[in-house]
Amino acid sequence: MVAVRRRRTQASNPRSEPPQADVSDSDSDSAWDTVCEECNSGKQPAKLLLCDKCDKGFHLFCLRPILVSVPKGSWFCPSCSKHQIPKSFPLVQTKIIDFFRIKRSPDSSQFSTSSSDSVGKKRKKTSLVMSKKKRKLLSYIPTNDSQRRLEQMASLATALRASNTKFSNELTYVSGKAPRSSNQAAFEKGGMQVLSKDGVETLALCKNMMDRGECPPLMVVFDPYEGFAVEADRFIKDWTIITEYVGDVDYLSNREDDYDGDSMMTLLHASDPTQCLVICPDKRSNIARFISGINNHSPEGRKKQNLKCVRFNINGEARVLLVANRDISKGERLYYDYNGYEHEYPTEHFV
């Protein structure tokens, strides 16, 4: 599948560089038999893939959507895979209720129809004074129109189904990976900021709304250039909690050779490397998996950032929240910096 030999490289964090090529010759085009079908260059052979059907080569960063790491197993180019827009999830309320395991109202199978006004009152009650800046974390305000919320959730279900991912809105601990007892925020190197009681209540409000089918006002869209992406479906105020980053919790040491884990997120960066934890959203996840990363190698890319990734100590455990770091307009695509902590994730080819 790969145009050149790969040597084993040890990953230092979940957003590390893909495997490096075993290169001893010049990096000129003439030194390589295979060239990229898109840019007609054979340079950067460690990032050049060969289709397992037609044997044509493609750079990871020349593909659309871009790949950030060498995929596991067989790989087929766009022509051979006959890549198409994912099939939409049925816009049927009962199917969506079952997919997301939404709690039904006592008297019907309909979504909860609480108004944004009532949510706004709750937000004021559960706001969080954060750090020295005295900024207040806010709960998101769901869309009033229940039909529109149905469309929002169907868009997420489409993306999850296309990626063979089950919906989960919590961190999950499964056999063979890191146990829940390993998630101790006290292990964080340099310490981790504690989310106050009011902040915990604000997060709980967001979780409860999602349980009732009152999802964040977001739409998942498929972009042939970026892949799945997330857009605001209404105005979102600065410092609003968008979602928690969730998935299976595992030790980083178990994922050192997992070069296909480009969505892994740091959960715990401990002084002892054996205690470092990551969130792996490949099996179970929520909308956080589809939020795009900025190209932090360019001023234009950095200007797109409208979310911030923040790790909190919540009741002694490490948790990761995505929070709006400025006002976000309806229709605006969501972006955050994948390199908020380690500064090693390869984003130079991101749009």
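Residues numbered from 1 in each chain as written. Predicted model: local features only at pLDDT ≥ 70, side-chain atom pairs only at ≥ 80, totals over all residues. Heavy atoms only, no water.

Visitor: Just to check I follow, could you spell out the overall build of the chain for this structure?
Guide: A tally of regular secondary structure across the chain gives 6 helices and 16 strands. Going through the 351 residues of the chain one by one, you find that 51% of them count as buried. Looking at the chain as shown, the accessible area adds up to about 17,100 Å², and 48% of this sits on carbon and sulfur atoms. (Helix = DSSP H or I, 4+ residues; strand = E, 2+ residues; numbered from the N terminus. Buried < 20%, exposed > 50% of the residue type's maximum accessible area, 1.4 Å probe, protein only. Areas by Shrake-Rupley, 256 points an atom, 1.4 Å probe, with all protein chains shown as cover.)

Visitor: It is not clear to me how the sheet that holds strand β8 (residues 241-244) should be interpreted in this structure. Could you clarify?
Guide: The strands making up a sheet are joined through hydrogen bonds of the backbone, oriented either antiparallel or parallel. Strand order in the open sheet formed by 3 strands is β8-β15-β14, with antiparallel pairing between adjacent strands. Each of the sheet's edge strands pairs with one partner strand only, and the pair in question is β8 and β14 (307-314). For this sheet, the mean angle separating the axes of adjacent strands, direction not counted, is 30 degrees. Pairing of β14 with strand β15 (residues 317-324), which is carried by 8 bridges, proceeds in the antiparallel orientation. Each bridged residue has a counterpart across the sheet, and for Cys309 the counterpart in β15 is Leu322. (Pairing = 2+ DSSP bridges. Axes fitted to C-alpha atoms, helices over the stretch in contact; angles between N-to-C directions.)

Visitor: Would you explain the environment of Gly57 in this entry?
Guide: Here Gly57 lies in strand β2 (residues 57-59). Between the C-alpha atom of Gly57 and that of Ser41, which follows or precedes it by 16 residues, the distance is 9.7 Å. Aside from chain neighbours lying at most four places away, what touches Gly57 is Thr34, Val35, Cys36, Glu37, Leu48, Leu49 and Leu50. (Contact = heavy atoms within 4.5 Å.)

Visitor: Just checking my understanding: could you explain the pattern of salt bridges for this structure?
Guide: One side chain can pair with another of opposite charge once the charged atoms of both are near each other. Overall, the coordinates contain 15 salt bridges when judged by the stated rule. Of the charged contacts in the structure, one is a salt bridge between Arg148 and Asp233, with a shortest N-O distance of 2.7 Å. Residue Arg148 is found in helix α4 (residues 146-162), and its partner Asp233 is found in the loop between β7 (227-232) and β8; the two are separated by 85 residues along the sequence. On the basis of relative accessible area, Asp233 is assigned to the buried category, the value being 9%. The shortest N-O distance in the salt bridge between Asp248 and Arg284 comes to 2.8 Å. Within this pair, whereas Asp248 is found in strand β9 (residues 248-251), its partner Arg284 is found in strand β12 (residues 284-285), the two being separated by 36 residues in sequence. (Salt bridge = Lys/Arg side-chain N within 4 Å of Asp/Glu carboxyl O.)

Visitor: What should I look at first to understand the packing of aromatic side chains in this one?
Guide: Two numbers describe a pair of aromatic rings. These are the distance of the centres and the angle of the planes. Counting across every chain of the model gives 5 aromatic pairs. The interplanar angle of 70 degrees and the centroid separation of 5.6 Å between the aromatic rings of Phe228 and Phe290 together place this pair among those described as edge-to-face. You can see Phe228 sitting in strand β7 and its partner Phe290 sitting in the loop between β12 and β13 (292-293), a full 62 residues away along the chain. Looking at Phe290, the relative accessible area reads 5%, which means it is buried. What links up through ring pairs into an aromatic cluster is the set Phe89, Phe99, Phe100 and Phe167. (Phe/Tyr/Trp six-rings, centres within 6.5 Å; stacked < 30°, edge-to-face > 60°.)

Visitor: What's the story with the sheet that holds β9 in this structure? I'm lost.
Guide: Pairing is antiparallel in the open sheet, where 3 strands are placed in the order β9-β11-β10. Edge positions in the sheet fall to β9 and β10 (265-268), since each of these pairs with one other strand and no more. The sheet shows a mean angle of 40 degrees between the axes of neighbouring strands, taken without regard to direction.

Visitor: Explanation requested: the side chain of Ser182 in the structure shown.
Guide: When you line up the elements, Ser182 lands in the loop between β5 (166-167) and α5 (197-211). Leave out the neighbours within four places in its chain, and Ser182 touches Phe187, Tyr251, Leu268 and Leu277.

Visitor: Can you help me understand the environment of Leu334 in this one?
Guide: Along the chain, Leu334 falls in the loop between β15 and β16 (335-336). Sequence separation of Leu334 and Ile291 is 43 residues, and the distance between their C-alpha atoms is 6.1 Å. When near neighbours in sequence (up to four residues on either side) are disregarded, Leu334 contacts Leu218, Val230, Ile242, Ile291, Ser292, Asn306, Leu307 and Ile328.

Visitor: Can you help me understand the state of the cysteines in this one?
Guide: Should the sulfur atoms of two cysteines be covalently bonded, the bond is a disulfide. Inspection of the entire model under this criterion finds 0 disulfides. Its sulfur unpaired, Cys39 is 3.8 Å from the next cysteine sulfur, which belongs to Cys36. (Disulfide = S-S within 2.5 Å.)

Visitor: Just to check I follow, could you spell out helix α2 (residues 93-100) for this structure?
Guide: Residues lying three or four places apart along an α-helix face the same way, a consequence of the helix completing one turn every 3.6 residues. Every buried residue of α2 is accounted for by Gln93, Ile96, Ile97 and Phe100. Buried residues of α2, viewed axially, fall in a sector of 100 degrees; they line one side. Residues of α2 that are buried sit in contact with α4, β5 and α5. Positive phi shows up at Arg101, right after α2, with a value of about 55 degrees. (Arc of directions from axis to C-beta.)

Visitor: Looking at this model, I keep getting lost on the environment of Ser253. Mind explaining?
Guide: Relative to the assigned elements, Ser253 resides in the loop between β9 and β10. Considered as a pair, Ser253 and Gln275 are 22 residues apart in the sequence and their alpha carbons are 8.7 Å apart.

Visitor: Would you take a moment to explain the packing of α2 against α4 for this structure?
Guide: A pair of packed helices is characterised by two quantities: the angle between their axes and the separation of those axes. Where α2 contacts α4, the axes come no closer than 10 Å and their chain directions differ by 55 degrees. Overall, the two elements α2 and α4 adopt an arrangement that is oblique. The handedness of the crossing between α2 and α4 is left-handed. Contacts between α2 and α4 involve Gln93, Ile96, Phe99 and Phe100 from the first element and Leu150, Met153, Ala154, Leu156, Ala157 and Leu160 from the second. Of the residues contributing to the contact of α2 with α4, the split by class is 9 nonpolar, 1 polar and no charged. (Parallel < 35°, antiparallel > 145°, perpendicular 65-115°, else oblique. Left-handed = near helix turned anticlockwise from the far one by under 90°. Nonpolar A, V, L, I, M, F, W, Y, C, P; charged D, E, K, R; others polar.)

Visitor: I keep staring at α5 and nothing clicks. Help me out?
Guide: The end-to-end C-alpha distance of α5 is 21 Å, a good match for the 21 Å that 15 residues give at a rise of 1.5 Å each. Residues of α5 that are buried: Gly199, Thr202, Leu203, Leu205, Cys206, Lys207, Met209 and Met210. Gly213 sits one or two residues past α5 and shows a positive phi near 90 degrees. (Expected span 1.5 Å × (residues − 1).)

What is shown is where atoms sit, not what they do.
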